[in-house]
Amino acid sequence: MIKLLRNTAIALAMCGLVANLGAAEELLADNHPERYVVRKGDTLWDIAGRFLRHPWRWPDIWQVNPQVANPHLIYPGDELELVYVDGQPQLRLKPGPRELKLSPQVRATPWDGAIPTVPIDAIAPFLTRPYVLTDAEIAAAPYIVDFADEHVIGGAGQRAYVRSIDSDEPAKFDVVRPGDAYRDAETGEILGYEGLYVGNVELQRTGDPATVFITRAEIEAIPGDRLIPVLTEEPVTDFYPKAPPQPIDGAIISVLKGVSQIGQYQVVALDRGAADGLSPGTVLRVDQRGETVRDIVAGGGATVTLPD
């Protein structure tokens, strides 16, 4: 009887090992490397794609590894090794050499060359500009009414008159042009309004109207453009790809700058956000809806949506 129970325990342990290995194979890419040395120009997304079938599942293999406490702080020359602990894959980090810059005062400065999650320059404009406005923000924001020297539009190096600014602080503003409403794709509820980034201004004189100086212009400013105080906090750039905490079903409702086709590193607006569990770094799969056709057999105006 004791021998039978022991054999049963061994069999159960073997089943658990097979299940763990099966889960690991489902997680890892078919031709994943056993180790990889980080190179200049790599991104976290690139490296995750070498090891995993789905790059956003990176936390599944690093979160229990104290050597990779922050995957954003991985540097060229570091070596990542894939190991298995209780049948579960983990990545172990072997730090490479760190370069130091020494000044004549013998002051050491750490080398700040960690690889990014994705190329930051591709998404930096959206991380630092308020492209989504509420009704209240639009109504409360000062707005341009005219330009100096009889100009009908404004560009960099010109003065503009604004209603109305009563305080010297803040002194710097983003110029934003209110656009179309963002609506929930299912309910039609207005979630906010598109804010097209126009440029930057600096306050020269308070009052009604106040006077501002246009320091930068992506496009020409026009009367009615709103002024939004420049944010002082640093934009979020230290994030890593991860799956959402629960299933999310939403829709792309707008594409930045109004293009009709979407490619890599382009910015889109979704009808889901923080209230639905989204946070910086959350990765979502984009599917295209199939064509809706009439069901002539069922009749009565019945339709069916085809898979894409």
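Refer to the preceding data block for the structure.
Right, let's walk through the structure included here. Treat the numbers as computed from the prediction; the structure is a model and nothing was measured.

### Points about the pairing of strand β3 (residues 88–94)
Then step 1. Where strand β2 (residues 79–85) and β3 come together, seven bridges link them in antiparallel fashion. Across the sheet, the residue bridging to Leu80 is Leu93, located in β3.
Then step 2. A loop of two residues connects β2 with β3, the two strands running antiparallel in sequence, and Asp86 in this loop sits at a positive phi of about 55°.

### Concerning the sheet that holds strand β1 (residues 35–37)
Then step 1. The strand order β1-β2-β3 describes an open sheet built from three strands, whose pairing is antiparallel. A strand with exactly one partner marks an edge of an open sheet, and here the two such strands are β1 and β3. Each strand of the sheet is rotated relative to its neighbour by a mean of 25°, with strand direction disregarded.
Then step 2. Sitting on the sheet, helix α2 (residues 44–51) touches β1, β2 and β3, and the angle it makes with β1 is about 155°.

### A closer look at the environment of Val267
Then step 1. With respect to the secondary-structure elements, Val267 resides in the loop between β13 (252–255) and β14 (268–270).
Then step 2. Between the C-alpha atoms of Val267 and Val255, which are 12 residues apart in sequence, the distance is 6.3 Å.

### Observations concerning the nonpolar core
Then step 1. Val38, Ile47, Phe51, Leu52, Trp58, Leu80 and Leu91 are the most contacted members of the largest nonpolar core, which totals 18 residues.
Then step 2. Residue assignment for this core shows that the elements contributing at least two residues are α2, α3 (59–62), β2 and β3.
Then step 3. Looking at this core, the element that brings in the most residues is α2, giving four residues.
Then step 4. If you look at the next biggest cluster of nonpolar residues, it comprises 15 residues, including Phe147, Ala160, Val198 and Ala221.

### Description of a nonpolar patch on the surface
Then step 1. On the surface, a cluster of nonpolar side chains totalling about 400 Å² of accessible area is made up of Ile252, Ile262, Leu270, Leu284 and Val286.
Then step 2. Looking at the secondary structure, you find Ile262 in the loop between β13 and β14.
Then step 3. Given the relative accessible area of 43%, Ile262 is considered partly exposed.

### A word on α2
Then step 1. Listed in full, the buried residues belonging to α2 are Leu44, Ile47, Ala48 and Phe51. Down the axis of α2, the sector holding all buried residues measures 100°, keeping them to one side.

### Examining unusual backbone geometry
Then step 1. With an omega of -25°, the peptide bond running from Arg163 to Ser164 counts as cis.
Then step 2. Note on placement: Ser164 falls in the loop between β8 (159–163) and β9 (172–183).
Then step 3. At Asp86, a position not held by glycine, the phi torsion is positive, near 55°.
Then step 4. Considering the arrangement of structural elements, one finds Asp86 in the loop between β2 and β3.
Then step 5. One non-glycine residue with positive phi stands out, namely Glu150, at about 60°.
Then step 6. Secondary-structure assignment places Glu150 in the loop between β7 (143–147) and β8.
Then step 7. For Glu150, a relative accessible area of 78% gives the class exposed.

Procedures and definitions
- Residues numbered from 1 in each chain as written.
- Predicted model: local features only at pLDDT ≥ 70, side-chain atom pairs only at ≥ 80, totals over all residues.
- Heavy atoms only, no water.
- Pairing = 2+ DSSP bridges.
- Helix = DSSP H or I, 4+ residues; strand = E, 2+ residues; numbered from the N terminus.
- Axes fitted to C-alpha atoms, helices over the stretch in contact; angles between N-to-C directions.
- Contact = heavy atoms within 4.5 Å.
- Core = buried A, V, L, I, M, F, W, Y, C linked by side-chain atoms within 4.5 Å.
- Buried < 20%, exposed > 50% of the residue type's maximum accessible area, 1.4 Å probe, protein only.
- Patch = residues over 30% accessible without salt bridge, like charges linked within 9 Å, V, L, I, M, F, W, Y side chains within 5 Å.
- Areas by Shrake-Rupley, 256 points an atom, 1.4 Å probe, with all protein chains shown as cover.
- Salt bridge = Lys/Arg side-chain N within 4 Å of Asp/Glu carboxyl O.
- Arc of directions from axis to C-beta.

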